[in-house]
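Structural overview
Here are the chains, one letter per residue:
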Amino acid sequence: MTALIETTGVSKSYGDFVALDDVTLSIAEGELVSIVGPNGAGKTTLVNVLTGLLKPTAGVVRFKGEDIAGIGPVRLAHRGMARAFQLVHIFPAMTVGETIAVAVISQTHKSFRLFAAAAKDEAVRERVREVAAIFGLDTKLERQSRLLSQGEKKLLDIASAFALSPEVILLDEPTSGVSSGDKHGIMRGVVDAAKRAGVKAIILVEHDMDLVAEYSSRIVALQGGRVLADRPPAEFFSDPEIIAAIVGKMVGKLAKGA
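This structure is a prediction, so every number in the text was calculated from the model and none was measured.

1. Let's talk about the pairing of strand β9 (residues 218-223)
In terms of burial, β9 is a largely internal element, 5 of the 6 residues being buried. Strand direction decides the pairing type here: strand β3 (residues 32-36) and β9, joined by 4 bridges, are parallel. When the sheet's bridge partners are listed, S34 is paired in β9 with I219. Here β9 pairs with strand β10 (residues 226-231) via 5 bridges, running antiparallel. Its bridge partner being in β10, I219 is matched across the sheet by R231. Counted along the chain from β9 to the antiparallel partner β10, the turn is 2 residues long, and its residue G224 has a positive phi close to 60 degrees.

As structure tokens, this is what we get:
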């Protein structure tokens, strides 16, 4: 399979501290790849490298064959990769429709200085309604984002990323703060929405191992900034050494509130 995203020998250091150490991985069309590991394993740094926020100290990161090191999330979104950024928390007074419209307008290259006028553009409004409907938010377009339930806020964050019409979407803890009963509903909705929207691959950073086991096609485990394992779920969870090294530490830290 041809890789959509690939890193080769990627390292990232901050002075003497090595956050990523010689990370090589590839993600192909049709995959949902979960990145797991205890706190401090390098997950956030890897995500920031993959989405162009950080330039690696060494190595290469490519998206669709082009070097994307440090290009930033806006330029990367225009190339076809989007990341959910929790806009609800940044703009709590915006309505659901306005929040999605921010993403739609950014992707159509319309000026934010003319946001009010652009938001009234029928093509923009139609796209907002279309995206909202995918996530069951079409009846709440006029509601302020801060008034949504926690699960709805998560869906709105993800919907804003989908509004960018990405080929690849990166979801960082999409179910954090959501009740256990709602987590699978959110993930099923996201996976179904991705298929309908033509998303080619999903990268998921998630602590909930039940979700990781059920929805992943592959699991990449990080420890100390290095790739400890890159395996399908069945192989990953059947290896006692991986369970002890990764899952055990994650569960222990979560139990302590870390």
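2. Details of helix α6 (residues 122-134)
Taking 1.5 Å per residue, 13 residues should reach 18 Å; α6 reaches 19 Å between its end C-alpha atoms and fits that length. G136 sits one or two residues past α6 and shows a positive phi near 70 degrees.

3. A closer look at the sheet that holds β10
Strand order across the open sheet formed by 6 strands is β6-β7-β8-β3-β9-β10, with mixed pairing between neighbours. Either end of the sheet is taken by a strand with one partner, and the two such strands are β6 (81-83) and β10. Neighbour to neighbour, the strand axes of the sheet diverge by 15 degrees on average, direction disregarded. Two elements, β6 and strand β7 (residues 168-172), share 3 bridges in a ladder whose sense is parallel. The partner of A82 across the bridge, within β7, is I169.

4. Some points on the nonpolar core
Counting residues in each nonpolar core, the largest one holds 40 residues, and the members touching the most others are I100, F135, F162 and L171. Mapped onto this core, the elements with two or more residues apiece are α4 (96-107), α6, α7 (150-162), β7, α8 (180-197), β8 (201-205) and α9 (209-215). Beyond its immediate chain neighbours, meaning those up to four positions away, I100 contacts V128, V131, A132, L156, A159, S160 and A163. L20, I35, F63 and A201 belong to the second-largest nonpolar core, a separate cluster that totals 29 residues.

5. A look at the sheet that holds strand β2 (residues 17-28)
Pairing is antiparallel across the open sheet formed by 4 strands, whose spatial order is β2-β1-β4-β5. Either end of the sheet is taken by a strand with one partner, and the two such strands are β2 and β5 (66-67). The sheet contact formed by strand β1 (residues 3-14) and strand β4 (residues 58-63) spans 5 bridges and is antiparallel. Paired with T8 across the bridge in β4 is V60. Packing against the sheet, helix α1 (residues 43-50) makes contact with β1, β2 and β4, and its axis sits at approximately 55 degrees to β2.

Procedures and definitions
Residues numbered from 1 in each chain as written. Predicted model: local features only at pLDDT ≥ 70, side-chain atom pairs only at ≥ 80, totals over all residues. Heavy atoms only, no water. Buried < 20%, exposed > 50% of the residue type's maximum accessible area, 1.4 Å probe, protein only. Helix = DSSP H or I, 4+ residues; strand = E, 2+ residues; numbered from the N terminus. Pairing = 2+ DSSP bridges. Expected span 1.5 Å × (residues − 1). Axes fitted to C-alpha atoms, helices over the stretch in contact; angles between N-to-C directions. Core = buried A, V, L, I, M, F, W, Y, C linked by side-chain atoms within 4.5 Å. Contact = heavy atoms within 4.5 Å.

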